[in-house]
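# Residue-level structure breakdown
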Amino acid sequence: HKSSTISDIYCCPNNMKFSSLATALALAPAVASASRMLNETAMLNETASTFPEINDLMNIAFPMWEVNDKGERKKITECTVDACEWNPFYVTKRYDGLHPDLGGHPSDNDVKYAFFASSPYAGQPYPGTPHHCPPDAPDNITAGECPKIATTSDYGPEGPGHVPPHIGLASLTWAVRDELFSMEEMFDYDNYECRVIPNVLFQMVRNYYPRIEGEKVDYPPPIVPEGGDFQYEFPSGRGLENQEPPYEPGPPHWCTEEMLASGHWDGVCPYIFEGPDAGKYRHPHIAYAALEVYLANMAMPDKCATTWLQNNPGFLDEDRVTTDTPFPVMSNDKDDAKSLKNWLGQPVLPWTYDSGDARDVEVMSAEATRALLDIAAPTTTVAPTTTTESSCALQPIPTNPDDFDEPHWETILELAFPTWATPANGCPRLDALGGTIVPEYSTFPVPEEGKFNPCYYTKAFAGLDTKLGGFPTPIDTKYQYEYAAPFQKQPGDGSTHYCTLDAVDIGACPKFQNDCGKDCASITEKGIGHIPPFVALAAIKNEYNSISCTADICSEWFDFETSGCNIQPPKLDELVIKYFGDGETIKFQPPILIDGKPSSTYYRLEYLGESPACDDGNCRGPHYCSKEVADEGVIWGDFCPYVHTGDNSGQYRHPHLALAALELWISNQCMPDKCAAQWLDSPNGQGYAADSTKSTAIVWAEMDNNALPWAQPMVPYKWPNSEDGIFPGHTMLYGDSDSKEAPAPYVTEFVNVNPDVAEPATDATATDDAPTYAPTYVPTKDTTGDAPATTKSEPSSAWLMPNTVAVVLAGLACIFMM
């Protein structure tokens, strides 16, 4: 076993070894004939190091018919489960999944390759391929606009995502060579028949192709040793007129230059059809299936036969719903579908394609495969050192060794808020703030039902339908220190700023008890004032890491009847005061690195002030404002986009989402029957964004380009948005109403949004200039000065006045169950 390439691992029967797989393929017709004469019983005695060369295995699992020197079939014989022949001169995938006589082979879905991550047959373009198009995508959409599923974690709902079949083939080959698993460990006939157990195959793949958690895996191509050195690819890098060795990197489809320039799916072009290797292309998933058949027959000869069709007799059922993929109009459609001339057709331009009707086909979807994998999110980067640690009822928080062993927020967020497939090259980005889009990063992700945007640039769509690209707001996640302003069509509605109807500078409007200086909030008889979510997030993280193995977190932190899957408000008060209390205030650091080390609230996904985008002092927290916008002075920074240049483009994630994800991760461990792992399935997610006029979204400002998610606010400043593009304004969010209600911990008495109507003062602190608040619970310190107790405070109905927003709550216990 001197080489790690497939060609050097497989040997031919009778100890005859080909010098290369290309040589073996050149002898394919003879091998195909000889294969049918092999003593299959003797082959079972072969060891893993001497089993047949891969082309020989394909010819055994898929016996081939004989062809003449032009590649045409010599003799047509009846196709039965026990005696059926396949096309050895294979030049098109058009008839894959159909009857063998049409010249195709089984599809990836037919052989049930576990990590194909197939798109469904729902009537959208390119069904049954790894390309996932929106359900309502037009037929002229290019395959490049329909991304493959490339996940950044194996533990999310889509698991590993799309793992190319040649990677599965290489991993299985090397695992057999290295004896990673015994035959008994590789197969379970009762559950998977003659297929390798998906969970075992997954372990093989990750053994040779490990993932750095939070990143996509960059799988090498099949034609290099690292990718398995698969010799049946015959890539077309030298162009259509050069179908001969040496082959250069490129797709295995040989298209015309005009077709390539069109940008349409090259998968419909023929495989190599001229030169010394004409017709010899083979799919890696066919090679994988052939190896799988061979190993299954070795392991279970009484249950698994030597051909794929004998193990999968249903493929020939007349009523089987086929897995073929629609093709566009091709140049040789008029010729017999069973003829070589038909198979050699090129797509006709302009592209004419019909997606066809939906079909009830069981596909190897990413979600279905994830359900088969017995894997759990990583718990920690440090192995348990004591019996107490190793016997914890709750899991340690997943950590990131590349981020100071802080929580692996990408993993935790993906579990609660699974995202659409990220474009192959990564999220779109500009070459500079206010610059132009980078051509290699110009593909936007495609929305998927029930998932969230992986390339996030603006909070404009927060609280709205996930397909618009936003996430839930702090109001939606029931962040108790948000103290959001009411929805009365005023500037900053639903934000933490309480503005009058004629306010201009939203950022200058006051927040609730955020009045003791920078990075500080007051604690009064009315409770803890507004604190950013990263403060509460840090308190929860610190306490969980401290006591998860020594305290009963489930009973002490949660009460589903009053707080659902959120931590009980008094408990969160207690944690915040414990870690950030300073007398009658909460004081905290910003969520950044200080002197190269994490601050007490460090949260990397804010991406604050990156250079060179923010070098002019133009950014406002995580918001990347242009210099022009910053110089205007009165424009609320939140209207500016998040990071949209460089490698972190689109990767900003709100700390309140990380808090919600962490809460849900813990509560799911405590109450799995009540608190689902995904936020949309949890109590808080029920009915989310069902109606934009009842949503928690904020009325947006006019932008310099209302069609782009990374647009900057217009200068001179204009509010509200005109709604001539993608951004929400009064009409979308209010309809014909002047106000709306949404369940959340708002102020419980009033906020005067009309500067012409005076508010009644009830004590020395209440003035016309400052809104008055009455929270529903007030944390107070007990006589020992340790953990705070909780005192209830009932709101007074005497405060309800005309032209006043009144949101009366009986207590947060009621709020959290709304």
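Being a predicted model, the structure only gives us computed values, none of them experimental.

### Focus on the overall build of the protein
The helix and strand tally for the protein stands at 24 helices and 12 strands. A total of 818 residues make up the protein; the buried ones form 56% of that total. Look at the contacts in the protein between residues 6 or more apart in sequence, and 64% of them connect residues 24 or more apart. Here the protein displays about 33600 Å² of accessible surface, and carbon together with sulfur accounts for 50% of that area.

### Here's the deal with the pairing of strand β3 (residues 520-524)
In terms of burial, β3 is largely enclosed, as four of its five residues are buried. In this structure, β3 lies alongside strand β6 (residues 585-587), joined through three bridges in antiparallel fashion. For Cys520, the partnering residue across the bridge sits in β6 and is Lys587. Of the strand pairs in this sheet, β3 and strand β4 (residues 527-528) are connected by two bridges, and their pairing is antiparallel. In the sheet register, Thr524 faces β4, and the bridge partner there is Gly527. The loop that links β3 with its antiparallel partner β4 comprises two residues.

### Considering the pattern of salt bridges
Per the stated rule, a full pass over the model turns up 23 salt bridges. Among the ionic pairs, Arg206 bridges to Asp154, the shortest N-O distance being 2.8 Å. You can see Arg206 sitting in helix α9 (residues 198-208) and its partner Asp154 sitting in the loop between α5 (54-61) and α6 (165-177), a full 52 residues away along the chain. Just as Arg206 is buried, Asp154 falls in that class too.

### With respect to the side chain of Lys280
Mapping Lys280 onto the fold places it in the loop between α10 (257-262) and α11 (284-299). Given the relative accessible area of 13%, Lys280 is considered buried. A polar contact is formed between the side chain of Lys280 and the backbone oxygen of Pro276, at a distance of 2.7 Å.

### Looking at the state of the cysteines
Summed over the entire model, instances satisfying the criterion amount to 11 disulfides. Through a disulfide, Cys255 is tied to Cys269; the S-S separation comes to 2.1 Å. Judged by the sign of its S-S torsion, about 115°, the cystine formed by Cys255 and Cys269 is right-handed. Taken together, the residues span a long stretch of sequence, with Cys255 in the loop between α9 and α10 and Cys269 in the loop between α10 and α11 at a distance of 14 residues.

### Observations regarding helix α22 (residues 655-670)
For α22, spanning 16 residues, the distance from its first C-alpha to its last is 23 Å, which sits close to the expected 22 Å at 1.5 Å a residue. Counting buried positions along α22 gives 14 out of 16 residues, so the element sits mostly inside the fold.

### Examining the nonpolar core
In terms of nonpolar packing, the biggest core is built from 145 residues, with Met186, Phe417, Ile531, Trp557, Ile586 and Ile666 touching the most fellow members. With near-sequence residues (within four places) excluded, Ile666 lies in contact with Ile540, Tyr544, Ile553, Trp557 and Phe558. One finds Ala701, Met703, Tyr717 and Phe727 within the second-largest nonpolar core, a separate group that totals 27 residues.

### Some details on the environment of Val363
As for its position among the elements, Val363 is in the loop between α13 (340-343) and α14 (366-372). Sequence separation between Val363 and Ala117 is 246 residues, and the spatial gap between their C-alpha atoms is 8.3 Å. When sequence neighbours within four positions are dropped, the list of residues in contact with Val363 reads Asn109, Ser118, Ser119 and Tyr121.

### A look at helix α17 (residues 533-547)
In this model α17 runs 21 Å from its N-terminal to its C-terminal C-alpha over 15 residues, within 8% of the 21 Å that 1.5 Å per residue would give. Counting buried residues in α17 gives 12 out of 15 residues, a clear majority hidden from the surface. All buried positions along α17 are accounted for by Pro533, Phe534, Val535, Ala536, Leu537, Ala538, Ala539, Ile540, Lys541, Glu543, Tyr544 and Ile547. Each element contacted by the buried residues of α17 is listed here: β2 (406-407), α16 (409-416), α18 (553-557), α20 (569-580), β6 and α22.

### Section: the environment of Ser171
Along the chain, the position of Ser171 falls in helix α6. Separated by 57 residues in the primary sequence, Ser171 and Gly228 have C-alpha atoms spaced 8.2 Å apart. Those residues in contact with Ser171 that lie beyond four places of it in its chain are Met204, Val205, Tyr208 and Tyr209.

### Regarding the environment of Glu628
By the element assignment, Glu628 lies in helix α21 (residues 627-632). Here the alpha-carbon distance between Glu628 and Pro716, two residues 88 residues apart in the chain, equals 9.4 Å.

### Re the packing of α6 against α9
At a minimum axis separation of 9 Å, α6 and α9 run at an interaxial angle of 90°. Compared by their axis directions, α6 and α9 come out roughly perpendicular. On α9, the residues that touch Ile167, Gly168, Ser171, Leu172, Trp174, Ala175 and Arg177 of α6 are Leu201, Met204, Val205 and Tyr208. Looking at the contact of α6 with α9, its residues break down into eight nonpolar, two polar and one charged.

### Quick look at the sheet that holds β6
Across the sheet, which stays open at both edges, the four strands sit in the order β4-β3-β6-β5 with antiparallel pairing between neighbours. The open sheet terminates on both sides in strands that have one partner only, identified here as β4 and β5 (581-582). Relative to β6, β5 runs antiparallel, the two sharing two bridges. Bridge assignment links Asp582 to a residue of β6, and that residue is Thr585.

### Concerning a negative patch on the surface
A surface patch of like charges, here negative, comprises Glu241, Glu257, Glu258 and Glu274. Glu257 gets classed as exposed once you look at its relative accessible area, which sits at 54%.

### Quick notes on the packing of α17 against α20
As a packed pair, α17 and α20 sit with axes 9 Å apart at the nearest point and diverge in direction by 90°. Taken together, the axis directions place α17 and α20 in an arrangement best described as roughly perpendicular. In contact with Val535, Ala536, Ala538, Ala539, Ile540, Asn542, Glu543 and Ser546 of α17, α20 contributes Leu572, Leu575, Val576, Lys578, Tyr579 and Phe580. Looking at the contact of α17 with α20 residue by residue, the classes come out as 10 nonpolar, two polar and two charged.

### Things to note about the confidence of the model for the protein
Residues at a pLDDT of 70 or more form 83% of the protein, whose mean pLDDT is 85. Here residues 1-49 scores under 50 on pLDDT; set against residues more than four positions off or in separate chains, the count is 94 contacts. For residues 746-750, every residue scores under 50 in pLDDT, and the model assigns this stretch 32 contacts once sequence neighbours within four places are set aside.

### Overview of the packing of aromatic side chains
The full count for this structure, using the stated rule, is 43 aromatic pairs. Between Tyr126 and Tyr353, the aromatic rings sit 5.4 Å apart at their centres with planes inclined by 35°, giving tilted as the arrangement. With a gap of 227 residues between them, Tyr126 in the loop between α5 and α6 and Tyr353 in the loop between α13 and α14 connect regions that are remote in the sequence. Accessibility expressed as a relative area gives 0% for Tyr126, which makes it buried. Of the residues examined, Tyr353 reaches a relative accessible area of 8% and is grouped as buried. Taken together, the aromatic side chains of Phe417, Phe452, Tyr456, Phe471, Tyr642, Tyr652, Trp679 and Tyr688 make up a single cluster linked through ring pairs.

Quick notes on the rules
Within each chain, residue numbers correspond to sequence positions counted from 1 in written order. Totals for whole chains, interfaces and linings use every residue, but because this is a predicted model, local features are given only for residues with pLDDT of at least 70 and side-chain atom pairs only at 80 or more, for both listing and counting. The side-chain numbers reported here are obtained from all heavy atoms of the structure, hydrogens and water having been left aside. In this text, helices come from DSSP runs of H or I with a minimum length of four residues, and strands from runs of E with a minimum of two, each type numbered from the N-terminal end. Categorising residues by exposure relies on relative accessible area from a 1.4 Å probe, with only protein chains included: less than 20% of the type maximum marks a residue as buried, more than 50% marks it as exposed, and the intermediate range marks it as partly exposed. Note on definitions: a residue-residue contact is assigned when non-hydrogen atoms from the two residues lie within 4.5 Å. Note that accessible areas follow from Shrake-Rupley with a 1.4 Å probe, and for residues the cover is restricted to the protein chains shown. For two strands to be treated as a pair, DSSP must find no fewer than two bridges joining them. Salt bridges are counted wherever a side-chain nitrogen of Lys or Arg sits within 4 Å of a carboxyl oxygen of Asp or Glu. By the criterion applied in these results, polar contacts are pairs of N or O atoms within 3.5 Å in which, for protein atoms, one can donate a hydrogen and the other can accept it, and in which residues neighboring in sequence qualify only through two side-chain atoms. The disulfide criterion is simple: two cysteine sulfur atoms within 2.5 Å. The length a helix should cover is 1.5 Å for every residue beyond the first. Joining through side-chain atoms within 4.5 Å is the link that ties buried Ala, Val, Leu, Ile, Met, Phe, Trp, Tyr and Cys residues into a set, and such a set is a nonpolar core. Note on definitions: angles span 0 to 180 degrees between N-to-C directions of axes, and those axes are lines fitted to C-alpha atoms, for helices only across the stretch in contact. Any angle between 65 and 115 degrees counts as roughly perpendicular, while under 35 counts as roughly parallel, over 145 as roughly antiparallel, and the rest as oblique. In the scheme used here, Gly and all other residues not listed as nonpolar or charged are polar, with Ala, Val, Leu, Ile, Met, Phe, Trp, Tyr, Cys and Pro taken as nonpolar and Asp, Glu, Lys and Arg as charged. Note on patches: the residues involved have over 30% relative accessible area and no salt bridge, like charges join within 9 Å, and the nonpolar side chains Val, Leu, Ile, Met, Phe, Trp and Tyr join within 5 Å. In summary, the charge assignment counts Lys and Arg as positive and Asp and Glu as negative, without counting His or the chain termini. Where a charge sits is defined by one atom per residue type, namely NZ (Lys), CZ (Arg), CG (Asp) or CD (Glu). The pLDDT value expresses, per residue, how confident the predictor is, ranging between 0 and 100. Here is the rule: rings of Phe, Tyr and Trp (six-membered ring for Trp) pair when centre to centre is within 6.5 Å. Planes less than 30 degrees apart are stacked, more than 60 are edge-to-face, and the remainder are tilted.

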